[in-house]
Amino acid sequence: MLADHTSVAPVPVAFNKLIKRPEVYPSLSKKHHGMQLWNAPQHISPGTQHKHAMDMKVLHDPTNPKNRLFLHKNYGIQLPVIKNDMPEAPFQKLIKGTTVGTLAVLPASHRENPALLPPFVSEKDARKGILSLIERGLIPPASDLTVDPPFVQHRAAKIHDIQEKYKKPAPEIFGTYPKNAYCVIVSESYTEEPKHLDKKLSFRQPLKMGTVTPAPSFMSSAKDTSAVQHVLGKEIVPFEFHHQPQQFQVLPIHRYQEYSQAYYVTIFNGKIDYMAPDLLAFKQHYQLYWGHILSFLEYLEKKLREYNVPVAIIKGQKLAEYSVVFELNSRPKWEDLLPVLKNKEFVEELVKRPGQQYKGPDGIEIAATKIQAIWRQHQSRTAYLIVCRQKWAAGVISISWLMRAQRVRVKKTLKQSRRRHLENFRSRAKHLAANWNRIKASRRTIIHIPSLGHAESLRASMPDIDTQQNLQMGRLCDIRDDNIDVIYICPLWISEDVIQYYMKLLGLQEAIKTGIPEKVAYIEDRLKVITPEAVKQFPNHHLCLATHLKYSPKTIKRIKNLIEGKAAYIVGGLLHQDDLAVADMLNVPILGPEPKLAHLYSTKSGGKRIFASACVPMPPGEYDIYNLQQMHEVLVQLILENVEIKRWLFKVDAEFGGRGTAYFDVSHLKCYERILKECREVGLSKWLIRKWIWEPAELNLSRELPGILAEHAQPANKKIFPTWEKFLQMFLCQGGVIEAYPPSDSVTNLTIDMLIEPTGEVSMVSCGDQIHSNSPLECWGSTVPQCSIDPGNLHSVCVKIAEACKSRGLIGFFSIDLVTFIHPHTMEQQVWATDLDLAYSDQLAMTQLMLLISNGKLTCKTNTFEVPPKPLEKKRNPRSKELAMKEEAQIQLPFMKRYGVLSTQLKHTNLSMVQYSVLFKIFKAHGIGFDIKERQGTIFMLHEDNKKDRLGMITIGEDLQGALLTFARNLSVIHQEISAPNVQLENNFQAAIKDIEVILGVTIVNKSKTKEDYAITASEILT
């Protein structure tokens, strides 16, 4: 470095005077020469050095506004002031308007008719480019364009020799050197142990693979050479210059990236030697950036001292690059610092040791500071968490209070609206009762809403609830009365093909009456099938149909328009609160009870109360059971009072259709045989009177019963309740009843549909014997009319139950389930009332379709289903009076008896793979159909067209045996046609066929017994 500004101080020669320093002649005299920035003393602060660097930038930039003042102040140079002689542009008035002319576009005629020839393109339009022509339509978008000459010109590519890839460029020499001057070469390929330089160094050419040091004063002595060799592990060789320059001068180099990798800064024990030659040379080269580099070095020195790193070697080039980043990130992490180091693996391993940062000279203070910081953090964090928890608790309390207040307001509003709906329902019910006779005899509209208003938990457990609600499509058959129009609210979207099927089926009414198949009536103006729009909006919410209709304003508006000015009323299913809301929106009455009464008496316990008040025979049992101890005590008493009962049933109150039923056989009790023996010894009458005899048996039963129940009690429906434990949980949660199963091998269940009109008149509208398939506790169909109980006895029992219902304010349609059997001891027929369902049943809907398609009449008091006789074919011109008399006699012929087999629960998963059109072709090929003239055959019900795994079917025959045979044959044909071999799919066809075979066997036995009894009676009369 220069000592002053007027003279050059002597420089010591290193390497035994082999390396000589060139002389540098100043360009300015002392009087005009200020302090040189590159000669700044080493003891000045980094801020001052940064200021000097900024001044140097100003000095090198002539365009800087401070350059002229800086030269005059520091060097006494007065530069002339350069003025801009360019005249200013005269002010012109701003004129607004378009600067682009109009361009031609594709004419309208060409846009409308593409077959016309393309229009002429002018040269002006062509100058706008191809893209502009395509956008304006002058060139069709699908045109195949060819550019001549093309945009891309092809030419041969130059192939280089592969050896050129591995050639290294010769080292560049920066600056001019005098004779016998030497340069230090750091060899990159030298890997052996460093060798000490001898006193006499031989002259040799520089290595091709190496880097030239930037300054001749890099090494000041042999000692420094040896130190660099030891640190860098590389060879130092002399370089001979073959030219003889007159002088030596160091030229400024701006491409420091090419040789700056030769700079290395070594930090020992976290301290930097700022007077080291390598650092001084590095500083001289990066003088303009030394402020950034020094700040980075000081930070790195501090970090190395904290972690007690013994030695760290810094790469000069990386240091210069990362010092700029350091200005942006004043606290870089070790991940940012390690790339600067040459021995980063050693430093990284040392830094990552646990507790290394506390082994430095200030380790104790750092550890104490860290402990205090963690403790303060813990205290602050604890206090912060307490405040957050209190804030969260306050938020939860406030939100809960707001929600509760909102819930109270909503509940209050709902109570008021439901009270208003109930009051309006009662007032409209009174008006309906007062005008029922007039409404029944006049033109009216019936709105059928087949809604299942069960509890939400029960609806959620019902698979395909929409399909379950749509099993009553037979309600459409109310139009067989000419004074009735029907609006059917469908719970799911069905296709137009299914609707047209029902329109054509119901349009056969005139053809059936006259016996002419071609005579089909148009009924679309009397029948409307409407699906609420909310069905799509709530597909998976398990809502009942009434709720869907409530939230469907468009459907409500359409129904209002259809019933405007007409007498109308609603016939629902199991009524829900939303049924009252819908009735209030439509301002029409409901033919049914209040929803609360319907839900109360539709339960198993509610039905038992009705039967008890009607004084009709019921199976032995108990109802309103809600805890386990009560269940065990009641069951023990029932077993001791009815020792002849072999099986006991458990029924959940809110369930329906045999879903919530379980059974238990007393034969599993070890003490049962002993109890039965004691009863036979004492006698049944004394056994029932002397209850003190029961005490030992009661104790044994109480101990044994809980374990036997848990082991042997079985739910009837394994899909809903797979185990007894789950059934028992639901049984005790919702309540239920325990009742006896008939003590007979031959048991028949019946379903009787009743109607209590608003005037209080009671009528029996349908009756049938149930058919069971998978379980004797689940029904899949029925035979109409019933043939199991004497009509008079049946009518008296049903009327008593209807009167009990009427006394509790129940009106509308409801169904009664009865069971009949022959008592094994008395050999007399017993009839028990088992269940009550206050809703429109599937059997009644199918009965309506059977009556429409056969033009028949069902008389439940006599248990007869009669159809008109087959009409005679009339000739155009009858010639004799005898033929006319025969026609009159034909008209006066008595009605013919028919029997029907009905089912809505036929299920086969393979039905979903067959289209309805293909299915009906299969029926036609096998001769399955309905004979309009004979009024017998088969009719099918289509429930939906999405899954299509369910089917309804009605068969009508001259006798019950023939109708059952036809039904079984149809099931067999369908199963064979749609089933694949060796594939087990879910269906109840085969179980239904087996049950029909059992019924047919009983029917044949009953017919033979009837013939024998008739023969015995006739012989007695003759004798």
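Scroll up for the structure.
Thresholds applied
Residues numbered from 1 in each chain as written. Predicted model: local features only at pLDDT ≥ 70, side-chain atom pairs only at ≥ 80, totals over all residues. Heavy atoms only, no water. Helix = DSSP H or I, 4+ residues; strand = E, 2+ residues; numbered from the N terminus. Buried < 20%, exposed > 50% of the residue type's maximum accessible area, 1.4 Å probe, protein only. Contact = heavy atoms within 4.5 Å. Areas by Shrake-Rupley, 256 points an atom, 1.4 Å probe, with all protein chains shown as cover. Pairing = 2+ DSSP bridges. Axes fitted to C-alpha atoms, helices over the stretch in contact; angles between N-to-C directions. Parallel < 35°, antiparallel > 145°, perpendicular 65-115°, else oblique. Left-handed = near helix turned anticlockwise from the far one by under 90°. Nonpolar A, V, L, I, M, F, W, Y, C, P; charged D, E, K, R; others polar.

A look at the overall build of the protein
And then number 1: Regarding its fold elements, the protein presents 34 helices and 26 strands.
And then number 2: Relative to its full complement of 1023 residues, the protein shows a buried share of 42%.
And then number 3: Expressed as a percentage of contacts within the protein between residues at least 6 apart in sequence, the contacts between residues at least 24 apart total 71%.
And then number 4: Of the roughly 59,300 Å² that the protein leaves accessible, carbon and sulfur atoms contribute 56%.

Examining the sheet that holds strand β21 (residues 864-867)
And then number 1: Strand order across the open sheet formed by 3 strands is β20-β21-β22, with antiparallel pairing between neighbours. The open sheet has two edge strands, β20 (857-859) and β22 (896-897), and neither has a second partner.
And then number 2: Strand direction decides the pairing type here: β20 and β21, joined by 3 bridges, are antiparallel. Bridge assignment links leucine 858 to a residue of β21, and that residue is phenylalanine 865.
And then number 3: Strands β20 and β21 of the sheet are contacted by helix α30 (residues 842-854), whose axis makes an angle of about 30 degrees with β21.

Considering the environment of lysine 646
And then number 1: One can find lysine 646 in the loop between α24 (628-641) and β11 (647-652).
And then number 2: Expressed as a C-alpha distance, the spacing of lysine 646 and tyrosine 741, which sit 95 residues apart in the sequence, is 7.5 Å.
And then number 3: Residues contacting lysine 646, with those up to four places away along its chain left out, are Phe664, Asp665, Val666, Tyr672 and Leu676.

Section: the packing of helix α1 (residues 46-60) against helix α2 (residues 67-75)
And then number 1: Look at α1 against α2: their axes get within 8 Å of each other, and the N-to-C directions meet at 110 degrees. Considering the angle they form, α1 stands roughly perpendicular to α2. Of the two elements, α1 crosses α2, and the hand of that crossing is left-handed. Between α1 and α2, the residues in contact are Asp55, Val58 and Leu59 and Asn67, Phe70, Leu71 and Tyr75, respectively.
And then number 2: Looking at the contact of α1 with α2 residue by residue, the classes come out as 5 nonpolar, 1 polar and 1 charged.

Note that every value here comes from positions in space, so none of it alone points to a role or purpose.
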